[in-house]
Amino acid sequence: QVQLVESGGGLMQAGGSLRLSCAASGRTFSLAVMAWFRQTPGKEREFVAGIRRSAGSTYYADSVKGRFTISRDNAKNTVYLQMNSLKPEDTAVYYCAADSRSLRIGVFRQEYDSWGQGTQVTVSS
């Protein structure tokens, strides 16, 4: 099994920055793709950013492109999400996810087989 634990969420004014971390434990050698999703009440969980283990290729949702940066430290089994120029619409619970079976970065929730508990990010106007 793979366990994912997010941290780094909090309250920030618009224009500020936060850095989220996701620590993985267990069968970490099998994690081909890791990603960040976010969800607000009444909305579906949406893809934010993803990164591949071997090549380090990344992919971002249009809503965060140019503002957020995903990175990965395989030695530490940790994935990060640097969030800059935060906007009120970025407010959500952010979830770390992992796909152990493919190198392709998927944008659908069903493609990931491991999930963290989520961390709250709130951006004020």
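Above this text you will find the structure in question.
Residues numbered from 1 in each chain as written. Predicted model: local features only at pLDDT ≥ 70, side-chain atom pairs only at ≥ 80, totals over all residues. Heavy atoms only, no water.

A short note on the state of the cysteines
Point 1. Scanning the model with the defined rule gives one disulfide in all.
Point 2. Covalently, Cys22 is tied to Cys96 through a disulfide, its sulfur atoms 2.1 Å apart. The sign of the -80 degrees torsion about the S-S bond sets the Cys22-Cys96 disulfide as left-handed. Linking Cys22 in strand β3 (residues 18-26) with Cys96 in strand β9 (residues 92-99), this pair joins segments that are 74 residues apart in sequence. (Disulfide = S-S within 2.5 Å. Helix = DSSP H or I, 4+ residues; strand = E, 2+ residues; numbered from the N terminus.)

Things to note about the sheet that holds β3
Think of a sheet as strands paired side by side through backbone hydrogen bonds, with each pair either parallel or antiparallel.
Point 1. The four strands lie next to each other as β1-β3-β8-β7, forming an open sheet whose pairing is antiparallel. Strand pairing shows two members of the sheet lacking a second neighbour, β1 (2-7) and β7 (68-73), which therefore form its edges. Averaged over all neighbouring strand pairs, the angle between strand axes comes to 15 degrees, with direction disregarded.
Point 2. With six bridges connecting them, β7 and strand β8 (residues 78-83) associate as antiparallel partners. Its bridge partner lying in β8, Ile70 is registered against Leu81. (Pairing = 2+ DSSP bridges. Axes fitted to C-alpha atoms, helices over the stretch in contact; angles between N-to-C directions.)

Concerning the environment of Val64
Point 1. Checked against the element boundaries, Val64 lands in the loop between β6 (58-60) and β7.
Point 2. A residue is classified by how much of its surface remains accessible, and Val64, at 1% relative accessible area, is buried.
Point 3. Taking C-alpha positions, Val64 is 16 Å from Cys96, a pair spaced 32 residues apart along the chain.
Point 4. Discounting residues that sit within four places of it in the chain, Val64 has contacts with Arg38 and Val48. (Buried < 20%, exposed > 50% of the residue type's maximum accessible area, 1.4 Å probe, protein only. Contact = heavy atoms within 4.5 Å.)

With respect to the packing of aromatic side chains
Point 1. Scanning the entire structure with this criterion turns up five aromatic pairs.
Point 2. Ring plane angle 65 degrees and centroid distance 5.0 Å describe the contact between Phe37 and Trp115, whose orientation is recorded as edge-to-face. Note that Phe37 is positioned in strand β4 (residues 33-39) and Trp115 in strand β10 (residues 114-115), a separation of 78 residues in sequence.
Point 3. Since its relative accessible area comes to 0%, Phe37 is described here as buried.
Point 4. On the accessibility criterion, Trp115 (25% relative accessible area) is partly exposed.
Point 5. Following the ring pairs from residue to residue traces out a cluster consisting of Phe37, Phe47, Tyr59, Tyr112 and Trp115.
Point 6. The aromatic ring of Tyr95 is capped on one face by Arg45, whose charged end is 3.6 Å from the ring centroid.
Point 7. Taking the ring centre of Trp115 as reference, the NZ or CZ of Arg45 above it sits at 5.0 Å. (Phe/Tyr/Trp six-rings, centres within 6.5 Å; stacked < 30°, edge-to-face > 60°. Lys NZ or Arg CZ within 6 Å of the ring centre and 35° of its normal.)

Keep in mind that these numbers describe shape and distance, not what the molecule does.
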